[in-house]
Amino acid sequence: MENKILQNCGDVLVIEGKSTKKVRNRYYYVGHFDGYDRKLYFRLDSAQYGTVSNPDKRDENGFICDESNINRHIYNVWKNMARRCYDPKSFAYDTYGGKGVTVSDDFKVYSNFRNWYEKECMGDYSLELDKDCKSLILGLHKTYSPDTCILLPPEANVFISTIGKGIYLTPHNTYCVRLRRKFLKINKNFKTLEEARNYKRSEDMKYLDILMKECSLSKENYKLIKKYVEVFRYESDIC
């Protein structure tokens, strides 16, 4: 790269040139990493403090964005997946990485994840990433991978993530099935926990049929979620 070096911040080389963008009244500088040709935009203080990452090297958790022209939506899905599993500062870490959820080596490479996502979403970027359904059915550890992930409408994804919830112990020592779903509201009491669980499972099956009609759920994913409901053990903590 034929540029005059303005400042050397470790292996980050800041070259003469600024973008017109500002962040908190600080210009973005143009630079690159020593030995690599890809140009980067960053704040000078970020380079000085060593917080600029090299896009041509894997980070400490093995992730690498190996494409310069990224799809912003897919990239954000990819980064959020990484944060949930490996960043203790993420609000979702306790229920993902804190519970042992991981990302496969394949999905840690951005181009691999992008190729899989584009093939699966078929142009529908409203779909959300789920790893629970296939993992439970296949008896696998919860991990984000091409073998365990599917893309679902938001309502179907919420349904899967909350399937173990909705049974409450009342002050009268009865069990209430209380559901506040987008397409269905339920509030019904039962004398025993077994009755409540059986009813909850039957209502989950009915709600799945509603999702099939209301959310354009594919037949393949319908069958997967139905199997998920069938094998799911309704033994979550009672609220």
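Residues numbered from 1 in each chain as written. Predicted model: local features only at pLDDT ≥ 70, side-chain atom pairs only at ≥ 80, totals over all residues. Heavy atoms only, no water.

Caption draft 1: Structural view of the overall build of the protein. When helices and strands are tallied, the protein shows 7 helices and 11 strands. The C-alpha atoms of the protein give 23 Å as radius of gyration, which overshoots the globular expectation for 239 residues (18 Å, by more than 25%). Overall, the C-alpha framework of the protein stretches about 75 × 40 × 30 Å when taken along its three principal axes. Counting every position in the protein, which comprises 239 residues, the buried fraction comes to 41%. Sequence-distant contacts, at least 24 apart, represent 47% of the contacts inside the protein between residues at least 6 apart. (Helix = DSSP H or I, 4+ residues; strand = E, 2+ residues; numbered from the N terminus. Rg over C-alpha atoms; globule rule 2.2 N^0.38 Å. Buried < 20%, exposed > 50% of the residue type's maximum accessible area, 1.4 Å probe, protein only. Contact = heavy atoms within 4.5 Å.)

Caption draft 2: Local environment of helix α3 (residues 110–121). Helix length check: α3, at 12 residues, gives a terminal C-alpha distance of 16 Å against a target of 16 Å (1.5 Å per residue), a fit within 8%. Listing the buried residues of α3 in full gives Tyr110, Ser111, Phe113, Arg114, Trp116, Tyr117 and Cys121. The inward-facing, buried residues of α3 contact α2 (72–86), β6 (128–130) and β8 (150–152). Directly after α3, the chain includes methionine 122, whose backbone phi takes a positive value near 50°. (Expected span 1.5 Å × (residues − 1).)

Caption draft 3: Fine view of the nonpolar core. Counting residues in hydrophobic clusters, the biggest one holds 22 residues, and the most contacted among them are Phe113, Leu129 and Tyr144. Contributing elements (two or more residues each) for this core: α2 and α3. Sort the elements by how many residues they give to this core and α2 lands first, with 7 residues. When near neighbours in sequence (up to four residues on either side) are disregarded, leucine 129 contacts Val77, Met81, Arg84, Phe113, Trp116, Tyr144, Cys149, Ile150, Leu151 and Asn157. With 19 residues, the next largest nonpolar core counts Ala156, Ile163, Leu208 and Leu224 among its residues. (Core = buried A, V, L, I, M, F, W, Y, C linked by side-chain atoms within 4.5 Å.)

Caption draft 4: Spotlight on the packing of helix α5 (residues 154–161) against helix α6 (residues 193–214). At a closest axis distance of 10 Å, the pairing of α5 and α6 adopts a crossing angle of 165°. If you check the angle between α5 and α6, you find them roughly antiparallel. For the pair α5 and α6, the crossing hand works out as left-handed. Residues Glu155, Ala156 and Phe159 of α5 form the contact with α6, whose participating residues are Asp204, Tyr207 and Leu211. (Axes fitted to C-alpha atoms, helices over the stretch in contact; angles between N-to-C directions. Parallel < 35°, antiparallel > 145°, perpendicular 65-115°, else oblique. Left-handed = near helix turned anticlockwise from the far one by under 90°.)

Caption draft 5: Highlighting the side chain of glutamate 67. With respect to the helices and strands, the residue glutamate 67 is situated in the loop between α1 (44–48) and α2. A distance of 2.9 Å separates the side chain of glutamate 67 from the side chain of arginine 114, its partner in a polar contact. Dropping the residues within four chain positions of it, glutamate 67 is found in contact with Arg38, Tyr110, Ser111 and Arg114. (Polar contact = N/O pair within 3.5 Å; in protein donor to acceptor, adjacent residues only side chain to side chain.)

Caption draft 6: Broad picture of the sheet that holds strand β9 (residues 167–169). Read from one edge of the open sheet, 3 strands run β9-β10-β11, paired in antiparallel fashion. Every other strand in the sheet has two partners, leaving β9 and β11 (184–190) as the edge strands with one partner each. Averaged over all adjacent pairs, the angle separating strand axes in this sheet is 20°, with direction ignored. Where β9 meets strand β10 (residues 175–181), 3 bridges bridge the pair, whose relative direction is antiparallel. Bridged to tyrosine 168 within β10 is cysteine 176. (Pairing = 2+ DSSP bridges.)

Caption draft 7: How the structure looks around unusual backbone geometry. Notably, asparagine 173 is not glycine yet its phi reads approximately 60°, a positive angle. Take asparagine 173: it is sitting in the loop between β9 and β10. Residue serine 216 is not a glycine yet carries a positive backbone phi of 55°.

Caption draft 8: View of the packing of α2 against α3. Packing of α2 against α3 brings their axes to within 10 Å, and their N-to-C directions diverge by 120°. Note on packing geometry: the crossing formed by α2 with α3 is right-handed. Only Tyr110, Phe113, Arg114, Tyr117 and Glu118 of α3 make contact with α2, whose side of the interface consists of His73, Ile74, Tyr75, Val77, Trp78 and Met81. Split by residue class, the contact of α2 with α3 holds 8 nonpolar, 1 polar and 2 charged. (Nonpolar A, V, L, I, M, F, W, Y, C, P; charged D, E, K, R; others polar.)

Caption draft 9: Summary view of the pattern of salt bridges. A full pass over the atoms with the stated rule returns 8 salt bridges. A salt bridge links arginine 114 to glutamate 118; the nearest nitrogen and oxygen atoms lie 2.8 Å apart. Note that arginine 114 and glutamate 118 are positioned in helix α3 at a spacing of 4 residues, about one turn of the helix. The exposure class assigned to arginine 114 is buried, which follows from its relative accessible area of 16%. Among the salt bridges present, the one from lysine 142 reaches aspartate 132, with a minimum N-O distance of 3.5 Å. Remark: aspartate 132 occurs in helix α4 (residues 132–138) and lysine 142 occurs in the loop between α4 and β7 (143–144); sequence separation between them is 10 residues. Because the salt bridges share partners, they merge into one network encompassing Glu67, Arg114 and Glu118. (Salt bridge = Lys/Arg side-chain N within 4 Å of Asp/Glu carboxyl O.)

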